[in-house]
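Fold and geometry: a report
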Amino acid sequence: MTNPRIEPTPWHALAGPVTVQRLETDAERGLGAGEAASRLERHGPNAIPDEQQRSVLSLLVGQFRDFMILVLIAAAFVSGIVGEPQDMIAIAVIVLLNAVVGAVQEFRAERAVAALRAMAAHAAHVIRDGEAQAIATDALVPGDLVELEAGDVVPADLRILEAAELLTDESALTGESVGVDKSVDPMPKPETAVADRACIAFKGSLVARGRGRGVVVATGASTEIGRIAELLRGERGARTPLQKRLTRFGRVLALATLGICTLVFIAGLLQGQPGLLMFLTAVSLAVAAIPEALPAVVTVSLALGARTLSRRNALVRRLPAVETLGSVTVICADKTGTLTQNRMSVEAIHAAGERRTALHAPSTDRKVWKLLGLAMALSNDVVLRDGVASGDPTEVAPFEAARAAGYDKFELSAEWPRVAELPFQSERQAMSTLHEHDGRVTVFVKGSPERVLAQCSQNFSTDGPEPIDRPRLLAEAESLATDGHRVLAIAHRELPELPEAITPEQIERDLTLLGFVAMIDPPRPEVPQAIADCRSAGITPIMITGDHPGTANAIAHRLDLARDGEDVLTGQELSDLTDAELEQAAASVRVYARVSPEQKTRIVRALQTRGEVVAMTGDGVNDAPALKRADIGVAMGQRGTDVAREASDMVLLDDDFATIVRAVRTGRRVFDNIRKFIKDTMSSNSGEIWTLFLAPFLGLPVPLLPIQILWINLVTDGLPGLAFTAERAERGIMQRPPRPPRESVFAHGMWQHIVWIGLFVAGISLASQAWAIGRGAEYWQTIVFSVLTISQLFHSVAVRSEAESLFRIGVFSNPAMLGAVTLALGLQLAVVYVPVLQPIFHTQALPLYDLMIVLALSSIVLVAVEVEKWLVRRGVLYRAKIS
């Protein structure tokens, strides 16, 4: 059952009592059991509907939607009709194997993603009939009263009614890496951004500190996270560049083959050949012209690429995504958790005119640094759970910095026990802890620089306390904030004894400033190099985040994502742009901040409209719609949410942004190898077509029989074709720009190569035919048959590299190709010399002399291609850069 909203009410803009009244509940006793059951029946369970998992059968059927596969099925059908069942069976087996390989890979990926999903059901603490009780989260209904404590996962969207230092972590939902203080005060504007709705606690967020009570205003699909899920279901995934290219290729090939075969049929009839023979020849030629091994080569290439990536911590969920990576022109990266570590870390400490990245050791004789270390260790509510610090991120970061320097909170607490505290309050932006030591009381105060400095009368210098210089110190704090830091001011005060009245007015005055602590969610260490590698590969990196513009800009400059003078485009500014204006802005904007899930999808769509192939990386729920809309969505496996992983095409199991760059390299290699196969097989088919087409015009008999055409096609396409999948990456593969999305698969000289190599092979084949007939050799057809077959094997070896010489890359560098060519040559010799096979293929044994002539003529193809590549390297041919 889907779960529509109760009404389109901006709950964040309503006062708490008004919300309670609208929901017809009680702020003290909650709902009654009967009313709760009635509402559960009416609104449905508090759960987001899962997309139905695809069965193995549906995965298998899905493999037959490709146009080339349909062409092959038609070719198999025609082969059966004209009496060539062996070819029909061969094509059927290839198609079926192709489908099985694709379905198995996708099924394994689905299983792996399912294993990542957290299956534990959470309980919610509610008040019903005036009594506190724990119920399953899916039993929550609008109007329920929910109690929240530190460590809880918020079970539904709640309007906060009570908040005691309540802070939630909403990074997975909004992209905001810093916790959000929650309050009971309504927002003044209904259109307030989700990240700024301080009186709403959102389903799926984590309570990092404090406690609170709220009334459920939305459940299931009506929640903010549910709304994102609806966006996700409505967003259709993009077809990959390879799928688009192969579809165009298949259609052009089908039409061209039909036309050429018609011409061959007519030319044979005009020469006086039997009509049935020419019909079978034309049909056989049509079947031979269709590269039936192409889908298998594509699938195997993608599967091998996926296996390579899995060993490098990248799980491919959809096979075509492997090749899409090689076509990517733009990577839109979410900041929080993708470019950064999604944890606050102390980066700088300012005290007594000195800036350091770490505290002095406890043994230091510099009092200010020792007091600062004590304050950072003791003045917090951090607890250790299984050795891991837990609490407010802005408290955990100083705690960890102090612990790293040797200030252990739990050891120090015995000597400096906390005797009183003033919890953090958003109104005064500070908190204080009081500690007894040597018969006196030490007060540590931390908070925003503006509030703490206002209560200070002194600050520590190298010579000890001195009168405070507020303007200078505020400028120092603002300088840190401008760099994207979150800045805490820490001060202290000595008291002779514990005061009777523990109030801010009594405690937080006449303070002495100890220093500033600057924190930031730091970039991942591997990201700067990964971004540099992206640029060298011609890929534009873009940051899209829900975080604050200042923080986004600071991180972008650290990573060299944004240049000086480039502006950050905010969500508010983006909402004012039309689609056409956004498309224009997308050409230059490199950083987007404070954007909503819908806006992330708009940005991706605008880039795609500009002709870009877009990869979107992210780990939060708010990234999921854009992940699905992008040409390839890349989710994080460790920090990533289930929703993000389900929407993605690839999951980074190690959350390493640099893995994307390695994946791009694999994607480019996969496409290069597919392109080499197309080049090889179409050149081979071109040779067969030209040979059959030109023979009648030269007064020669039909060179090949239908069975021989099909054999050439099977031997020269199948085995070497699969061997291309094992070819190594071209040199400089990551120093060239991405392929233009609309570029034909025949670009960069391929169609010219196919034409001239076809004519060249036809020329030596027809020359061998004329030579054999002129000598009166009865086995002239076997000679033509063998020259065509073996010359194509030499061609397969020659085109292993686009431009480099075979002897530079190494004859033995691809053992699979060497083995495939050797096996194919052995099979061809068997067809010629094994008596039982001769009547089937209409061959005769060749004398040794003639066999040598066949091998010599066939090898000329290798020499011709090497000359072509030499001219390419010199820039004489195909001047556009090969990619």
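Model, not experiment: these values are computed from the prediction.

Definitions and cut-offs
Residues numbered from 1 in each chain as written. Predicted model: local features only at pLDDT ≥ 70, side-chain atom pairs only at ≥ 80, totals over all residues. Heavy atoms only, no water. Helix = DSSP H or I, 4+ residues; strand = E, 2+ residues; numbered from the N terminus. Contact = heavy atoms within 4.5 Å. Areas by Shrake-Rupley, 256 points an atom, 1.4 Å probe, with all protein chains shown as cover. Buried < 20%, exposed > 50% of the residue type's maximum accessible area, 1.4 Å probe, protein only. Pairing = 2+ DSSP bridges. Core = buried A, V, L, I, M, F, W, Y, C linked by side-chain atoms within 4.5 Å. Patch = residues over 30% accessible without salt bridge, like charges linked within 9 Å, V, L, I, M, F, W, Y side chains within 5 Å. Salt bridge = Lys/Arg side-chain N within 4 Å of Asp/Glu carboxyl O. Lys, Arg positive; Asp, Glu negative; His and termini not counted. Charge placed at Lys NZ, Arg CZ, Asp CG, Glu CD. Expected span 1.5 Å × (residues − 1). Polar contact = N/O pair within 3.5 Å; in protein donor to acceptor, adjacent residues only side chain to side chain. Axes fitted to C-alpha atoms, helices over the stretch in contact; angles between N-to-C directions. pLDDT = per-residue confidence, 0-100. Phe/Tyr/Trp six-rings, centres within 6.5 Å; stacked < 30°, edge-to-face > 60°. Lys NZ or Arg CZ within 6 Å of the ring centre and 35° of its normal.

What to know about the overall build of the protein chain
Within the protein chain one finds 33 helices and 26 strands. Relative to all contacts within the protein chain whose residues are 6 or more apart in sequence, the contacts with residues 24 or more apart total 73%. Accessible surface, the protein chain: about 36,000 Å² in total, of which carbon and sulfur atoms supply 58%.

A closer look at the pairing of strand β7 (residues 206-218)
Summarising burial for β7: ten of the 13 residues are buried, a large majority. For strand β3 (residues 145-149) and β7, the ladder comprises five bridges, and the chain directions are antiparallel. Paired with Leu145 across the strands is Val215, a residue of β7. Pairing geometry for strand β4 (residues 157-169) and β7, over ten bridges, is antiparallel. Paired with Asp157 across the bridge in β7 is Ala218.

Overview of the pairing of strand β17 (residues 456-461)
As paired elements, β17 and strand β20 (residues 511-520) share three bridges and run parallel to each other. Among the inter-strand pairings, Asn459 is bridged to a residue of β20, identified as Leu513. Where β17 lies against strand β18 (residues 464-467), four bridges are found, and the strand directions are antiparallel. What sits directly across from Asn459, in β18, is Glu466. Hairpin remark: β17 followed by β18, antiparallel, with two residues in the connecting loop.

Thoughts on unusual backbone geometry
Excluding glycine, residues mostly have negative phi values, and the peptide bonds linking residues are mostly trans. Positioned with a positive phi, Asp129 is a non-glycine residue whose angle comes to about 55 degrees. Structurally, Asp129 can be placed in the loop between β1 (123-128) and β2 (131-136). With relative accessibility at 38%, the residue Asp129 sits in the partly exposed group. Of note, Asp510 is a non-glycine position whose phi angle comes to about 50 degrees, a positive value. Its place among the elements puts Asp510 in the loop between α18 (504-507) and β20.

Structural notes on the nonpolar core
Counting 99 residues, the largest nonpolar core has Met650 and Phe657 as its most contacted members. The element contributing the most residues to this core is helix α26 (residues 658-694), with twelve residues.

Section: the environment of Met636
Mapped onto the secondary structure, Met636 falls in strand β25 (residues 632-636). Take Met636: its relative accessible area is 0%, and that puts it in the buried class. Those residues in contact with Met636, other than ones at most four positions away along the chain, are Gly337, Thr338, Thr617, Gly618, Asp619, Arg645, Val651, Leu652 and Asp655.

Observations concerning a negative patch on the surface
Where like charges cluster on the molecular surface, the negative patch consists of Glu566, Asp567, Glu573 and Asp576. Looking at the element boundaries, Asp567 is found in the loop between α20 (549-558) and β22 (569-570).

A few points about α26
Counted at 1.5 Å a residue, the expected span for α26 with its 37 residues is 54 Å, and the 54 Å between its end C-alpha atoms agrees. Along α26, 32 of the 37 residues are buried, which leaves the element largely enclosed by surrounding structure.

Section: the side chain of Ser379
Within the secondary structure layout, Ser379 lies in the loop between α13 (367-378) and β12 (383-385). With relative accessibility at 2%, the residue Ser379 sits in the buried group. Within polar-contact distance, the side chain of Ser379 engages the side chain of Thr433 at 3.2 Å. Each residue touching Ser379, except ones within four places of it in the same chain, is listed here: Leu374, Glu395, Arg418, Met431, Thr433, Phe444 and Lys446.

As for a positive patch on the surface
Together, Arg307, Arg311, Arg312 and Arg665 make up a positively charged patch on the protein surface. With respect to the secondary-structure elements, Arg307 resides in helix α10 (residues 293-311).

What to know about the sheet that holds strand β9 (residues 330-334)
Ordered by their spatial adjacency, eight strands build an open sheet running β8-β26-β25-β24-β9-β21-β23-β22, and the pairing between neighbours is mixed. In the strand order of this sheet, the two ends are held by β8 (314-316) and β22, each with one partner. For β8 and strand β26 (residues 650-652), the ladder comprises three bridges, and the chain directions are antiparallel. The partner of Ala314 across the bridge, within β26, is Leu652. In the packing of α20 onto the sheet, the strands contacted are β21 (540-544), β22 and β23 (591-593), and the crossing angle to β23 comes to about 155 degrees. Packing of α26 onto the sheet brings it into contact with β8, β9, β24 (614-618), β25 and β26, and relative to β26 it is tilted by some 135 degrees.

Let's talk about the side chain of His795
With respect to the helices, strands and loops of the structure, His795 is situated in helix α29 (residues 780-798). Look at His795 and you get buried, because its relative accessible area is 3%. Residues in contact with His795, not counting those within four places in the same chain, are Lys679, Asp680, Ser683, His753, Ile757, Val861 and Val865.

A few points about the pattern of salt bridges
Scanning the model with the defined rule gives 28 salt bridges in all. Ionic pairing is found between Glu347 and Arg558, a salt bridge with its closest N-O pair at 2.2 Å. Placement of Glu347 in strand β10 (residues 345-351) and of Arg558 in helix α20 is noted, with a sequence separation of 211 residues between them. Residue class for Glu347 comes out partly exposed when judged on its relative accessible area of 25%. Members of the salt-bridge network, linked through shared partners, are Glu354, Arg356 and Arg366.

Here's the deal with the confidence of the model for the protein chain
One rule of thumb: low pLDDT means the predicted coordinates there are not for detailed reading. When pLDDT is averaged across the protein chain, the result is 83; 86% of the residues are at 70 or more. Here helix α5 (residues 85-116) stands out as the least confident element of the protein chain, with mean pLDDT 59; strand β16 (residues 440-447) is the most confident, with 96. Contacts for the low-pLDDT stretch residues 1-7, under 50 throughout, to residues beyond four places or in other chains number 20 contacts. Within the model, the stretch residues 112-121 combines pLDDT values under 50 with 14 contacts to residues more than four positions away or in other chains.

Comments concerning a nonpolar patch on the surface
A grouping of Phe807, Val811, Phe812 and Leu818 is seen on the molecular surface, where their side chains present a nonpolar patch of about 420 Å² in accessible area. Within the element layout of this structure, Leu818 appears in helix α31 (residues 815-833).

A look at the environment of Ala554
Note on placement: Ala554 falls in helix α20. For Ala554, a relative accessible area of 10% corresponds to the buried category. Between the C-alpha atoms of Ala554 and Ile520, which are 34 residues apart in sequence, the distance is 9.9 Å. When sequence neighbours within four positions are dropped, the list of residues in contact with Ala554 reads Asp483 and Gly484.

Thoughts on the packing of aromatic side chains
Tallying each qualifying case throughout the model produces three aromatic pairs. On the basis of an interplanar angle of 75 degrees and a centroid distance of 6.1 Å, the ring pair of Trp756 and Phe760 is categorised as edge-to-face. On the criterion of helical spacing, the pair formed by Trp756 and Phe760 is a turn pair, its members being four residues apart in helix α28 (residues 750-774). Here Phe760 falls in the partly exposed class, since its relative accessible area comes to 25%. Above the face of the Trp369 ring, Arg356 is positioned so that its terminal group lies 5.9 Å from the ring centre. Here the basic side chain of Arg739 rests over the ring of Phe671, its NZ or CZ set 3.6 Å away from the ring centre.

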